[in-house]
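# Observations on the model geometry
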Amino acid sequence: MRHLTTFRYIDAVVKAGSIRGAAESLAITSTALNRRILAIEDELGVPIFERLPHGVRLSSAGELLIHHIRNQMSDMERVRSQIADLSGVRRGHVSIACSQALLPYFLPMEISLYRKEHPNVTFGVHVRDREAAERALVDHTADIAIVFEPVRLADFMTLMRVFQPVHAVMGNGHPLAAKDVLRLSDCLSYPLALPTAPYGVRHLIDMAMLTASARVEPVVESDSFEFLRNHAVAENILSFQIPIGLSQQTSTGELVSRPLDRRDVPAGVLYMGQLKGRTLPVAAARFAAQLSASLAAKFEVS
C-alpha cells in the first residue's frame, strides 16, 4: 500500500495549493515532496501540476488523477473499516458536510452517542452551503451530507428526508411571542434579521414574499445563524431558523420560537444523503443509520 502514501501526498498538495504548504502539514521537507511528485509525473509522462509563481494547480491530467486518488483512498478506508469490524473493533473516520443548523445541538448529541459505543471512530464536521455539500460528496471529502433545501441532487443518493417548518425566533418580550403560530404578514410589521441568500431559510422566505407580492428589507443580514439567534434577543428583533437548529429549551429562556403558518411559508426539507453508487465505510454507514433513526423519531418524515 506504499502507493497510497504518494496519493496522500498529492491530495495534500491539492488541498494546500502549494508544495511548501503541503510539506509543512505532512511534516516532510518540500524537496522530498517535490521529488515524489516529479517521480509520478515521470511515470505518467505528463505533469500533474502547473507550477505558478505562488503555488501550484492541477493540470488536466492532474484533475483525472486526483479523482482516481480520492476514489482509491475512499475504498481503502472502507476496507480498513470492514476489517476492523470483523475483529470487533469499530474504527474509522466519518466526514460530514452539513448546513449550519446541524451544528449547535443535533450533531454534537449524535456524535457523542455514537462515540460512547465506538470511541475509536473519529469525526470531521464541516459547514457547507447547499451546493458545496454535494461537491464534497463527489470529491470524497465528505461521506455524508445533511443539507436544508439543496440546490441540486444530481450526485446525491437520499437516505432520509424530514420536514423542517420555518420558525420565527425572537426575545421572550417581543409582541409576537404570545402567539402560538405566526402569519407572515404579522412578521412584516417588525424589523427583521435574515440569513443571506445562499441559505435555504432565506430562499423559502424570499419565495413566500414573491407569492404574497410583498417586499422584505431586513435591517440585519448575516451568514451566521448563531449571530442571528443572539441578535434576536439583543435587539428584540425577529429572525428565522429551522427547528433542528434550535434547542428544545428555546421557549423556556430568553429566546422563543414560533412556527410560521404553512399557508404562508411551506415547510422546507432537510436531506441526508451520500454519493450515488458509493459504498460507505462501515463506521459512516452505521452512523448514517443512527442519524436516520434519530431524525425519524424527532421530526416529520418527508
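Presented here is a report on the structure given in the accompanying data block. Only a predicted model underlies this, so the values are computations on that prediction, with no experimental measurement involved. (Residues numbered from 1 in each chain as written. Predicted model: local features only at pLDDT ≥ 70, side-chain atom pairs only at ≥ 80, totals over all residues. Heavy atoms only, no water.)

## Some words on the sheet that holds strand β5 (residues 144-148)
- Strands sit in the order β4-β3-β5-β12-β6 across an open sheet of 5 strands; the sheet is mixed. Since the sheet does not close on itself, it has two edges, and those belong to β4 (121-127) and β6 (156-164), each with one partner. Strand-to-strand twist across the sheet, computed as the mean angle between neighbouring axes with direction ignored, equals 20°.
- Pairing between strand β3 (residues 92-98) and β4: 7 bridges, direction parallel. Its bridge partner lying in β4, Ser95 is registered against Gly124.
- Strands β3, β4, β5, β6 and β12 (268-275) of the sheet are contacted by helix α10 (residues 282-298), whose axis makes an angle of about 25° with β6. (Pairing = 2+ DSSP bridges. Helix = DSSP H or I, 4+ residues; strand = E, 2+ residues; numbered from the N terminus. Axes fitted to C-alpha atoms, helices over the stretch in contact; angles between N-to-C directions. Contact = heavy atoms within 4.5 Å.)

## A word on helix α8 (residues 200-211)
- Its 12 residues give α8 an end-to-end C-alpha distance of 17 Å, which sits within 8% of 16 Å, the value for a rise of 1.5 Å per residue.
- Looking at α8, one finds that the buried residues are Gly200, Val201, Arg202, Leu204, Ile205, Ala208 and Met209.
- Two residues or fewer past α8, Ser213 is found with a positive phi of approximately 55°. (Expected span 1.5 Å × (residues − 1). Buried < 20%, exposed > 50% of the residue type's maximum accessible area, 1.4 Å probe, protein only.)

## Details of the nonpolar core
- One finds Val94, Leu107, Ile146, Phe240, Ile244, Leu260 and Phe287 to be the most contacted residues of the largest nonpolar core, which totals 49 residues.
- Among the elements that take part in this core, α10 stands out by supplying 6 residues, more than any other.
- The contacts of Leu260, once residues within four sequence positions are left out, are Val166, His167, Ala168, Val181, Leu182, Cys187, Ile205, Phe240 and Val265.
- Core analysis: the next-biggest nonpolar cluster, separate from the first, contains 20 residues, Ile10, Phe49, Val56 and Ile69 among them. (Core = buried A, V, L, I, M, F, W, Y, C linked by side-chain atoms within 4.5 Å.)

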